[in-house]
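Observations on the three-dimensional arrangement
Given next are the chains, with one letter for each unit.
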Amino acid sequence: MYKRKILLSFVVLGTLLASLALAFNMFGTGIQRSFAQSLGVTVNDFWMNSGQEPWGMTFDSKGNVWVAVPGCDPSPTCSTTTPPGKIEEYNPAASSWIVTYQLPSGYAQPLFLAFDAQGNLWFPMPMSNSIGMLNAQSKTFQQFPVPTAGAGPWDIAIDHNGKIWFTEHYTNKIGKFDPSTQTMTEISTPASNSQPYGIVVDASNNIWFTENNSSVALIGEYTSGGTLKEYKIRNSLVSGLTPHLITVDPGGNIWWTEGWVAMIGELNIKQATPGTNNGVTEYGYPATCTTCGKHTSGIGVDSNGQIWFDDSLQGIFGSFPDTGTGSFNVYSAPTQNGHPHDGLNVDVLNRIWFTEEFANKLAVAVQNGVPTPTPSPDVTPSPSPTMSPSPTVTPSPSPTASPSPGTTLAQDTFKRANQQHWGQASDGLTWGADANSSSVFSINNNTGQLSNGGSVYNAVLGPIATDAEVVFSGSMSSFNNANMGAVLRWTDQYNWYKAYVNGSSLVIQKKVSGTYTTLKTVPFVATAGTSYSIDFRVVGTTLSANAWLTGTSEPSGWMATVTDSSLASGYCGLRIQLQSGISATITSFQALSK
């Protein structure tokens, strides 16, 4: 980090510069420089609703923008007298701020933000050496201390299994928090003062992070298999090379900003070799203000493969193709001396959002002439277990757009090697909730097993949906105070619709804010050790269910139908109740949009 700079001058970009491409090797590193000014965006900014010096940001499932507002400029810390910070929510559709969340007494200042699959908002607080969580439904906070004193948790990311990862900027570690067990794990880098900064998760669930100290200047990878690897940026270290934030492009290559050397860097995964800078290329853009200094920090990528970045001292933001060929497009930030910094992100509509720290503003740039993409439902990770929320009433979740009717949201044949947990389904998606954390779950003989438990267990797969249908087949070793069923519009263990068989009945049930309600019960005799299939559908406010012997035809019409408007959207999955000595076997699962 660095001390706050007073910008001495600012030159507004207004002329078209000819494209210039120059490639050469420096210290064994590929470095390219090319630049072009383009009038390719429309940019606006807005005053923050409350608080000072906005920092990191993220987006929720509805497309709203959430901004961390620490109320100070951590360089690298804030004063101990700085009050707890704030988190603000902005609605782009209404062009207005919605809510300001004031962190409670005893908390510190949030820097970066990330949502988990249940809609909980996580944030690091380096000044209190802890990780915070906001349950946006109940509007309650929790915080969890980092084991290493003075570690300085900084940036944050959430992996595909719902684990919370963060960098420890004041030391040489990255950390992992498991919400289901509420335990912390820390992984050290070889260098004792590597100062990890940005962090990101790739499609294979590997954790990538920057080592920000210029005397280290490495890119770190902690693989999903638990191996720490490091990659050089240059073979010879130089002052000012301070890798900051980090992202992954659509092809799986890693990109980062480089601080004082005014460059962005790329690691081509196919060419990468740990311990070397093989596959690394740095791309430099020229200064547009000769007296302002240079500092590249924020970074993001759009769905078209444009890498976006900002430079706080130049007062600019821009893009570069992830192909590594072509020119930079660079634009002036809307407020002079606004200091666009670490708070840059790209939403699903390819809008570029960034905070102007010293202007106390949020800015958005819309690309001109670029088609607006349709968000894919597949990008939502399957959720993982959450801790019990504070005992306050949780409102129904806000609806999100459902995929096209008839789309397969998720499916699993369970035909894979024996393993603990259910892991990755046959469609490539990862099971969430208890299925990848509880020892009750396993894959055995090409079936999904639940055994050695004595409680209720949740397993969810696929994206959030509004109108959906689950069809699955399975058996229970006993129905004595036990049942198996499908869930729809599941947001957490306290909010869902369920259709299940218990040996004597087919039941449609709901749980809202922790309160159970039986909506419909019809007779259905089920025998232990026999496979049955359940079809559970929700369209609008209508819930319908069938149950039948697997291998026979599904009943025509619906055996049970009821209406209810308590829950608007959520995940599809299974919910199974076991008693000691009882097991469940699942042989197939499919979720469809309706």
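For the structure itself, consult the block above.
This text gives an overview of the structure that appears in the document. (Residues numbered from 1 in each chain as written. Predicted model: local features only at pLDDT ≥ 70, side-chain atom pairs only at ≥ 80, totals over all residues. Heavy atoms only, no water.)

Now for the sheet that holds strand β29 (residues 340-346). Strands sit in the order β4-β31-β30-β29 across an open sheet of four strands; the sheet is antiparallel. Of all the strands in the sheet, the pair left with one neighbour each is β4 (41-47) and β29. For this sheet, the mean angle separating the axes of adjacent strands, direction not counted, is 20°. In the sheet, strand β30 (residues 352-356) pairs with strand β31 (residues 361-367) via five bridges, with the strands oriented antiparallel. When the bridges of β31 are listed, F354 appears paired with A363. (Pairing = 2+ DSSP bridges. Helix = DSSP H or I, 4+ residues; strand = E, 2+ residues; numbered from the N terminus. Axes fitted to C-alpha atoms, helices over the stretch in contact; angles between N-to-C directions.)

Turning to the pattern of salt bridges, a few remarks are in order. Any two side chains of opposite charge can pair, on the condition that their charged atoms come close. Scanning the entire structure with this criterion turns up eight salt bridges. Taking the shortest distance from any N to any O, the salt bridge between R537 and E469 comes out at 3.3 Å. Note that R537 is positioned in strand β43 (residues 532-539) and E469 in strand β38 (residues 468-476), a separation of 68 residues in sequence. Its relative accessible area of 26% is what places R537 among the partly exposed residues. Salt-bridge contacts for K594 lead to E469; the nearest nitrogen and oxygen are separated by 3.1 Å. Highlighted residues: K594 in the segment after β47 (584-593) and E469 in strand β38, separated in sequence by 125 residues. (Salt bridge = Lys/Arg side-chain N within 4 Å of Asp/Glu carboxyl O. Buried < 20%, exposed > 50% of the residue type's maximum accessible area, 1.4 Å probe, protein only.)

Within strand β46 (residues 571-577), six of the seven residues are buried, which leaves it mostly tucked inside the rest of the structure. In terms of strand pairing, strand β37 (residues 456-460) meets β46 through five bridges, oriented antiparallel. Directly across from V456, in β46, lies its bridge partner Q577. Where strand β39 (residues 483-492) lies against β46, six bridges are found, and the strand directions are antiparallel. Note that in β46 the partner of G485 across the bridge is R575.

Turning our attention to the packing of aromatic side chains. Applying the stated criterion across every chain yields a total of 32 aromatic pairs. Arranged with centres 5.2 Å apart and planes meeting at 25°, the rings of F46 and Y90 form a pair that is stacked. Residue F46 is found in strand β4, and its partner Y90 is found in strand β7 (residues 86-91); the two are separated by 44 residues along the sequence. On the accessibility criterion, Y90 (2% relative accessible area) is buried. (Phe/Tyr/Trp six-rings, centres within 6.5 Å; stacked < 30°, edge-to-face > 60°.)

Here the focus is the sheet that holds strand β18 (residues 207-211). Read from one edge to the other, the open sheet built from four strands follows the order β17-β18-β19-β20, with strand pairing classed as antiparallel. Single-partner strands in this sheet number two, and they are β17 (196-201) and β20 (228-232). Between one strand axis and the next, the sheet turns by 20° as a mean value, whatever way the strands run.

Glancing now at the nonpolar core. W422, W431, L450 and F589 are the most contacted members of the largest nonpolar core, which totals 53 residues. The contact partners of L450, leaving out residues within four places of it in the chain, are W422, V440, F441, Y457, I576, L578, I582, S583, A584 and I586. In terms of nonpolar packing, the next biggest core, distinct from the first, is built from 31 residues, I158, F177, Y197 and A262 among them. (Core = buried A, V, L, I, M, F, W, Y, C linked by side-chain atoms within 4.5 Å. Contact = heavy atoms within 4.5 Å.)

A word on unusual backbone geometry. Geometrically, the link from S75 to P76 is a cis peptide bond, its omega value of 0° lying close to zero. Within the chain, Q182 stands out as a residue other than glycine whose phi angle is a positive 55°. In this structure, N452 is a non-glycine residue whose phi angle is positive, near 60°. Mapped onto the elements of the fold, N452 is located in the loop between β36 (447-450) and β37. The exposure class assigned to N452 is exposed, which follows from its relative accessible area of 78%.

This part takes up the side chain of T223. Within the secondary structure layout, T223 lies in the loop between β19 (218-222) and β20. Not counting chain neighbours up to four residues away, the residues in contact with T223 comprise N206 and K229.

Bringing the pairing of β43 into the picture now. A regular strand places its side chains on the two faces of the sheet in alternate fashion. With six of its eight residues buried, β43 lies for the most part within the structure. Bridge count between β38 and β43: seven bridges; the pairing is antiparallel. Bridge assignment links G474 to a residue of β43, and that residue is Y532. With eight bridges joining them, β43 and strand β44 (residues 542-549) adopt antiparallel strand pairing. Looking at the pairing, Y532 lines up with L549 of β44. The turn joining β43 and β44, which pair antiparallel and follow one another in sequence, is formed by two residues; a positive phi near 65° is taken by G540.

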